[in-house]
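A look at the structure
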Amino acid sequence: MLDIRYLRENTADAKRRLLAKGCDASAEIDRILELYDLRRAAATSTDSKRSEQNKVSKEMPQLKKQGTDVSGLLEKMKALSDEIKADEARIRELESEYYSLMLGLYNLPDEDLKPGGKENNEPIRTFGYQKVLEFEPKHHVDLCTKLGLIDYERGTKLAGNGFWVYRGLGARLEWALLNYFIDTHIANGYEFTLLPLMLEYECGVTAGQFPKFADEVFQIANPTDERVHYMLPTAEAALVNLHRGELLSERELPRKYISYSPCFRREAGSYRASERGMVRGHQFNKVEMFQFTTPESSDAAFDELVTHAENLVQGLGLHFRTVKLAAGDCSAAMARTYDIEVRLPSLDGFIEVSSVSNSRDYPARRGAIRFRRDPDNKIDLVHTLNGSGLATSRIFPAIVEQYQQADGSVVVPEVLRRYLGGLEVIS
RNA sequence: GGAGAAAUACCCAAGUGGUCGAAGGGGCUCCCCUGCUAAGGGAGUAGGCGUCUAAACAGCGCGCGAGGGUUCAAAUCCCUCUUUCUCCGCCA
């Protein structure tokens, strides 16, 4: 959620920045400001009525004790009470419209981002190089199938299109990647967490997913009760909610978490041919990094997250690049995002394996995640940042394709060998 | 899944319709006393949000798990929900 004060005092700025992200929210913002004033006026007048009510209520027992006839007063107070109730209903209405508009507003993109969409994304660093192969490189689907790493057919049999089964060395390679990521993060000082994979609605609101993007997640409803859960689309959605409604002390910041989780996404709409295989599925594994920081340190935390993600890919010896996203390609809740894209030869291009974002105080305002400042006890919203570190479902194909050899075997990246009993080549 | 009990401030806890922003105790902070320690005496200890304000203070409003309702008036009565505990059943 955006800061109402900022919206009031910098209305034109806010509209312009959202426009850079591709949203024309001019009408919504005007209505929000109007609703805010209406609610304030209504609340002020209701408060003074309540003040009167409280005053009389305090006097009432004494009047009764003195035997004063209070019937006229009671009648007056009844009328006041009715007025207050009508006011309250009106305020509820105003608030509900206000909040639903506020929740629909995207986060402001940082000022240094290029406006516009994907086409304005800007690669800022490239790591490694494109290996020159003396043979025609194969597609990871073919390699994985031939080597028995991934069973696409049976995955589809079990759960339909967009699911696959890791088998044998494939499962072990996947597990090795996850362990490599987790061990590295732990060494970097992150707290390892394992989270519920089904969340309640409120989590999606704080994460910025709901109400606008509810279609993108799987919903679990039960035949015998009303409870509804949502399958975790990313561990970020759970992690950001860890401290929802909490008042942290500045000493506790930053809080750095990682979590491993499968991620479930509906990915409604169909695949492109280029996304054959594990590039886009309904379920994939990811280790997520997450930080709660003070506003002052979130930029440094962002750089740290990018570096941690880059180091993981670099450790695997892959050819990849870091891309600074244009305003319009950052997702709704994010102020800035850098993607890490690994080269996938079969695509003849790069594909996202990590997305590192600073959401500033946008989720914190939605979920009331606050901290008390040390010297002056002032309360402020935390900044939240997240980054994949990493999503395996795209690293796996990249490893298979970048490390493939002429005979269809795949060299195991050195950092993973200790997790695979020293195995050097999958053949 | 069934039956019951509970939720009050940092902790324990009193409070069944009105002067309750809420007794009491513990803890914590400060002060006094004692050479040190133990013990004792005194004072303080509801945060938060909203509103008002240029801002702050003060004021006003909200707050006793959450949300509704009854009432002139709700911690207190009613309804729904959540969580915790106990018992039964089922189960990795």
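Residues numbered from 1 in each chain as written. Chains lettered and ligands numbered in written order. Predicted model: local features only at pLDDT ≥ 70, side-chain atom pairs only at ≥ 80, totals over all residues. Heavy atoms only, no water.

1. Things to note about the protein's contact with RNA strand B
As a matter of local geometry, RNA strand B sits amid 24 residues, with Asp47, Pro61, Lys64, Ser81 and Arg372 nearest to it. Near the protein, within 4 Å, the atoms of RNA strand B are sugar or phosphate in 75% of cases. At 3.5 Å from a sugar or linking oxygen of RNA strand B is found a side-chain nitrogen or oxygen belonging to Thr44. Side-chain polar atom of Arg50 to a sugar or linking oxygen of RNA strand B: 3.3 Å apart, as the coordinates give it. If one sorts the elements of the surface near RNA strand B by residue count, helix 3 (residues 26-65) sits on top with 15 residues. Residue classes in the surface near RNA strand B are distributed as six nonpolar, seven polar and eleven charged. (Near = heavy atom within 4 Å. Polar contact = N/O pair within 3.5 Å; in protein donor to acceptor, adjacent residues only side chain to side chain. Helix = DSSP H or I, 4+ residues; strand = E, 2+ residues; numbered from the N terminus. Nonpolar A, V, L, I, M, F, W, Y, C, P; charged D, E, K, R; others polar.)

2. Regarding the packing of helix 5 (residues 140-147) against helix 12 (residues 392-402)
Each pair of packed helices can be described by the angle between their axes along with the distance between the axes. For the pair helix 5 and helix 12, interaxial distance at closest approach is 9 Å and the crossing angle is 85°. Taken together, the axes of helix 5 and helix 12 lie roughly perpendicular to each other. Between helix 5 and helix 12, the residues in contact are His140, Leu143 and Cys144 and Phe396, Pro397, Val400 and Glu401, respectively. Tallied by class, residues from the contact of helix 5 with helix 12 come to five nonpolar, one polar and one charged. (Axes fitted to C-alpha atoms, helices over the stretch in contact; angles between N-to-C directions. Parallel < 35°, antiparallel > 145°, perpendicular 65-115°, else oblique. Contact = heavy atoms within 4.5 Å.)

3. Focus on the pairing of strand 7 (residues 228-231)
Pairing analysis gives two bridges linking strand 5 (residues 198-199) to strand 7, with the strands arranged antiparallel. When the sheet's bridge partners are listed, Met198 is paired in strand 7 with Met231. As judged from the three bridges shared by strand 6 (residues 219-221) and strand 7, these two strands associate in the antiparallel manner. Looking at the pairing, Gln219 lines up with Tyr230 of strand 7. From the end of strand 6 to the start of strand 7, which pair antiparallel, there are six residues. (Pairing = 2+ DSSP bridges.)

4. Considerations on the domain arrangement of chain A
The assigned domain composition of chain A is domain 1 (4-104) and domain 2 (118-426). The C-alpha centroid of domain 2 is placed 43 Å from the C-alpha centroid of domain 1. With four residues of domain 1 at the contact, the number on the domain 2 side is eleven residues. When domain 1 packs against domain 2, close to 590 Å² is buried across both sides, 54% of that on carbon and sulfur atoms. Together, Lys21, Leu103 and Gly104 form the three largest contributors to the area buried by domain 1 at its contact with domain 2, with a combined 83%. At the junction of domain 1 with domain 2, the criterion picks out zero salt bridges. Taken together, the connections running from domain 1 to domain 2 amount to five residue pairs in polar contact (both at pLDDT 80 or more). (Domains from an automatic or database assignment. Buried area = accessible area lost by both parts, 1.4 Å probe. Salt bridge = Lys/Arg side-chain N within 4 Å of Asp/Glu carboxyl O.)

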